[in-house]
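Geometric and topological summary
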Amino acid sequence: MKDSLVKCLATLDLRLSELDALLSDPGLTRDMDQYRRLTKEHADIAPVVTLFHQHQQAQSDLATAQDMAADPALRDFAEEELKSAKGRLETIEGDLQRALLPKDPNDDRNTFVEIRAGTGGDESALFAGSLFRMYARFAERNRWQTEILSHSEGEMGGYKEIIFRIEGHGAYSRLKFESGGHRVQRVPETETQGRIHTSACTVAVMPEPDDVSDVIINPSEIRIDTFRASGAGGQHINKTDSAVRITHLPTGIVVECQDGRSQHKNKAQALSVLVARIRDKQMREQQAQEAATRKSLIGSGDRSERIRTYNFPQGRITDHRINLTLYKMDAIMDGDLFELTDTLMAEHQAEQLAQLGEQVG
């Protein structure tokens, strides 16, 4: 293991001792914000330091085995110990590298997902409906809750646009690589001559902010309009101006929410989505700057970028960022996204490990 990495781990070891001393002070609970910050830091560091101690012990065992190997009477036993200690060191070093990877602070958050029909007319809207069902079924498989915030139906079915919220542990970490252009090749339900059409949708996945104060919005920079919700929804939703549209004037971002039964709820949901979109825009701009010097394996994050193709006639799904092709169309469209999301997360982790190696080199 590199000396720079050992120094980093030694520093964490010292910090953990400091945290132990601070958390043992009974007066700390008088400041609950500080207590929570220190407790979280302790929880983040402790597993890494435990691995560091295991690594030190494995190194000590290796040194002992090497000393024994100098004694002819103990050589056979020492060789077994050497092999065991080297194996443990290799395993622990891998675990340590993964433990030191930067954690995305948004990974444990709930998420907003937006699906918009693109090129392809009615077929694109139908495909948007297929994608929504795919993500909703994936949420069910993970025991997450799905709530539609706003939708605009296509003339032949599906959605021109749909915004929904997924609530559950790890929802954003699993879905964040879904942002981008999704292309479909299939014979549309509206096609009478059996010709294969190509259409596309864009998907945006954004972490739900903990609080709308995550982004400071000047009240003078937003315009709030109320209107009568369209589409099915019963007598109540059609008789009151419960739907809300919020326009953020500096960025031109517009959010509509109309599926809630009260104007107050729709306004709160629209404001939360607006904050998520602003944060997402800021994050993508930052990623674009970083990508100028190093392109991520998981793509640039540009939503115009085609990330995946769904070829229905061949039953084939291809993720272009990682060159992964799967022949399990029915299972994936029914929400079995685990192989896709697992592979994307693993590729991202491999890229992070490569960067970590450069940083400590």
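Residues numbered from 1 in each chain as written. Predicted model: local features only at pLDDT ≥ 70, side-chain atom pairs only at ≥ 80, totals over all residues. Heavy atoms only, no water.

This part covers the overall build of the chain. Check the secondary structure of the chain and you find 9 helices and 11 strands. Looking at the chain as a whole, 40% of its 361 residues are labelled buried. Here the analysis covers contacts within the chain between residues at least 6 apart in sequence; of these, 63% occur between residues at least 24 apart. Looking at the chain as shown, the accessible area adds up to about 19500 Å², and 49% of this sits on carbon and sulfur atoms. (Helix = DSSP H or I, 4+ residues; strand = E, 2+ residues; numbered from the N terminus. Buried < 20%, exposed > 50% of the residue type's maximum accessible area, 1.4 Å probe, protein only. Contact = heavy atoms within 4.5 Å. Areas by Shrake-Rupley, 256 points an atom, 1.4 Å probe, with all protein chains shown as cover.)

Among the 6 residues of strand S9 (residues 306–311), 5 are classified as buried, and the element is accordingly described as predominantly covered. Taken together, the 5 bridges between strand S4 (residues 180–186) and S9 define a ladder with parallel strand orientation. Bridging across to S9, Gln185 finds its partner in Asn311. Summarising the sheet, S9 and strand S10 (residues 316–319) pair through 4 bridges and their orientation is antiparallel. Within S10, the position partnered with Arg308 by the bridge is Asp319. Counted between consecutive antiparallel strands, the loop separating S9 from S10 contains 4 residues, among which Gly315 sits at a positive phi close to 60°. (Pairing = 2+ DSSP bridges.)

By size, the foremost hydrophobic cluster in this structure holds 35 residues, and its most contacted members are Ile115, Leu131, Met134, Tyr135, Phe164, Ile166 and Tyr310. Among the secondary structure elements, those contributing two or more residues to this core are strand S1 (111–117), helix H4 (122–141), strand S3 (159–167), helix H5 (171–175), strand S5 (197–207), strand S11 (324–326), helix H8 (329–333) and helix H9 (338–359). No other element matches H4, which puts 9 residues into this core. Apart from the residues lying within four places of it in its own chain, the contact partners of Tyr310 are Phe127, Leu131, Met134, His182, Arg183, Val184, Gln185, Arg316, Ile317, Met329 and Met333. Counting residues in each nonpolar core, the second largest holds 17 residues, with Phe112, Leu149, Ile163 and Ile217 among its members. (Core = buried A, V, L, I, M, F, W, Y, C linked by side-chain atoms within 4.5 Å.)

Bringing the sheet that holds S4 into the picture now. Two orientations exist for strands paired in a sheet by backbone hydrogen bonds: parallel and antiparallel. An order of S2-S3-S1-S5-S4-S9-S10-S11 is seen for the 8 strands of this open sheet, with the pairing classed as mixed. With one partner strand each, in any of the chains shown, strand S2 (145–153) and S11 form the two edges of the open sheet. Between one strand axis and the next, the sheet turns by 15° as a mean value, whatever way the strands run. Bridging between S10 and S11 involves 3 bridges; their strand directions are antiparallel. (Axes fitted to C-alpha atoms, helices over the stretch in contact; angles between N-to-C directions.)

On to H4. Taking 1.5 Å of rise per residue, 20 residues should cover 28 Å, and H4 covers 29 Å from first to last C-alpha, within 8% of that figure. Burial analysis of H4 places 15 of its 20 residues in the buried class, the great majority of the element. Arg143 occupies a position one or two residues after H4 and carries a positive phi of about 60°. (Expected span 1.5 Å × (residues − 1).)

Overall, antiparallel pairing links the 3 strands, which are arranged S6-S7-S8 in an open sheet. Strands with a single pairing partner mark the edges of an open sheet, and in this sheet they are strand S6 (222–227) and strand S8 (253–257). Mean inter-strand twist for the sheet, computed between neighbouring axes without regard to direction, equals 15°. Looking at chain direction, S6 and strand S7 (residues 243–248) are connected through 6 bridges and run antiparallel. When the bridges of S7 are listed, Ile224 appears paired with Ile246.

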